[in-house]
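Here are the chains, one letter per residue:
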Amino acid sequence: IGAGPGGLDAALIAAKRGHQVTLFEATDGVGGQFLYASAVPHRNGLLRLINHQVSELRRLPVGIKLGVAVNAANDLGGEFDAAIVATGAVPTPLNDEMAGPDVIRWFEVLKNGVPPPKGSGRAVFIEDGSGFWWNYGVAEAIVVAGWQVTIVTPSAAIANMIPVESVPPLMGRLAAGKTEFRVLTRLEGVEPGKVQLLQVISGKIEEIACDLVVVQTGRSSLPGPAKALREAGIREVHCIGDCVTPRRMSHAVFEAQRLARVI
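Here we summarise the structure given alongside this text. The structure displayed is predicted, hence computed values, not measured ones. (Residues numbered from 1 in each chain as written. Predicted model: local features only at pLDDT ≥ 70, side-chain atom pairs only at ≥ 80, totals over all residues. Heavy atoms only, no water.)

### A word on the state of the cysteines
The term disulfide refers to a covalent linkage connecting the sulfur atoms of a pair of cysteines. Tallying each qualifying case throughout the model produces zero disulfides. With no disulfide of its own, Cys239 has Cys243 as its nearest cysteine by sulfur position, at a separation of 4.6 Å. On the basis of relative accessibility, which here comes to 31%, the residue Cys239 falls in the partly exposed class. (Disulfide = S-S within 2.5 Å. Buried < 20%, exposed > 50% of the residue type's maximum accessible area, 1.4 Å probe, protein only.)

### A closer look at the sheet that holds strand S6 (residues 122–126)
Think of a sheet as strands paired side by side through backbone hydrogen bonds, with each pair either parallel or antiparallel. The strand order S5-S12-S6-S7-S8 describes an open sheet built from five strands, whose pairing is parallel. Unpaired on one side and paired on the other, strand S5 (103–105) and strand S8 (180–182) mark the two borders of the sheet. The mean inter-strand angle of the sheet, taken between neighbouring strand axes irrespective of direction, is 20°. Two elements, S5 and strand S12 (residues 212–215), share three bridges in a ladder whose sense is parallel. When the sheet's bridge partners are listed, Arg105 is paired in S12 with Val215. (Pairing = 2+ DSSP bridges. Helix = DSSP H or I, 4+ residues; strand = E, 2+ residues; numbered from the N terminus. Axes fitted to C-alpha atoms, helices over the stretch in contact; angles between N-to-C directions.)

### A look at the nonpolar core
Of all hydrophobic cores here, the largest spans 28 residues; its most connected members are Trp106, Phe125, Val138, Ile142, Val149, Ile162 and Val214. Elements that contribute at least two residues to this core include exactly helix H4 (106–112), S6, helix H5 (133–144), strand S7 (148–152), helix H6 (167–176) and S12. Residue contributions to this core peak at eight residues, all from H5. Sequence-distant contacts of Trp106, that is, excluding residues within four places in its chain, are made with Pro91, Phe125, Trp134, Val138, Val214, Val215, Gln216, Thr217, Gly218 and Arg219. In this structure, Leu8, Ala14, Leu60 and Ala260 belong to the second largest nonpolar core, which totals 17 residues. (Core = buried A, V, L, I, M, F, W, Y, C linked by side-chain atoms within 4.5 Å. Contact = heavy atoms within 4.5 Å.)

### Re the packing of helix H1 (residues 5–16) against helix H3 (residues 47–59)
Between two packed helices, the angle of one axis relative to the other and the distance separating the axes together describe the packing. Orientation of H1 relative to H3, taken along the N-to-C sense of each, is 30°, at an axis distance of 10 Å. Considering the angle they form, H1 stands roughly parallel to H3. In this structure, H1 meets H3 at a crossing whose hand is left-handed. On H3, the residues that touch Pro5, Leu8, Asp9, Ala11, Leu12 and Lys16 of H1 are Leu49, Ile50, Gln53, Glu56 and Leu57. (Parallel < 35°, antiparallel > 145°, perpendicular 65-115°, else oblique. Left-handed = near helix turned anticlockwise from the far one by under 90°.)

These figures capture arrangement, not role.
Below is the structure:
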């Protein structure tokens, strides 16, 4: 249940081991949030994984049911001995204190694109300190759209979770857009046309004028129908990937492969 990279891999390996497999996906396409991860600049090569998984599934007797949301066992339309729940995660909403006409979540950039520059053309991206592509890929997309960006992070390091070989090219591209950085800094407040930033070591407040604020709000797990399926009597129900806790795609694929080889 769920057709992100983890769900696709679980279905693929289980089918190769001789199981009769049906894959359920609530949306009308496969890939999950991996499709959004591939939407940032210089990351569209990620789609090769999804394309490979889908091409392999087509060679195997795997039923793929798109646009089917599974909330209870009756939604499966049949009897199953085991279920793997890989329903993923959703972007966490903005806090009420951050809300404003020119404040958007990171996910809006991935889903709807970057708003065109206006006013001073200055934007602030509020990082959460995780230092991965969900942050710096979004920031780069804002730069590519023509904004001059200030990246604000509570971390003491820049892009600290991005593979080391990818950091220099990324920094070069951000530098070409005259990107600025504020480390050991967090968002203190938002007002029309400006933000207040708190330097966490000194306690000093800095104001920056801007016409767009993009906030990394993080992701929240979608637990899916695991409890309902167990209560309905399905013998084995397993959860993998972001529906357990949001993390990197490699964790979901690892869990999928490990589980599908022993289920």
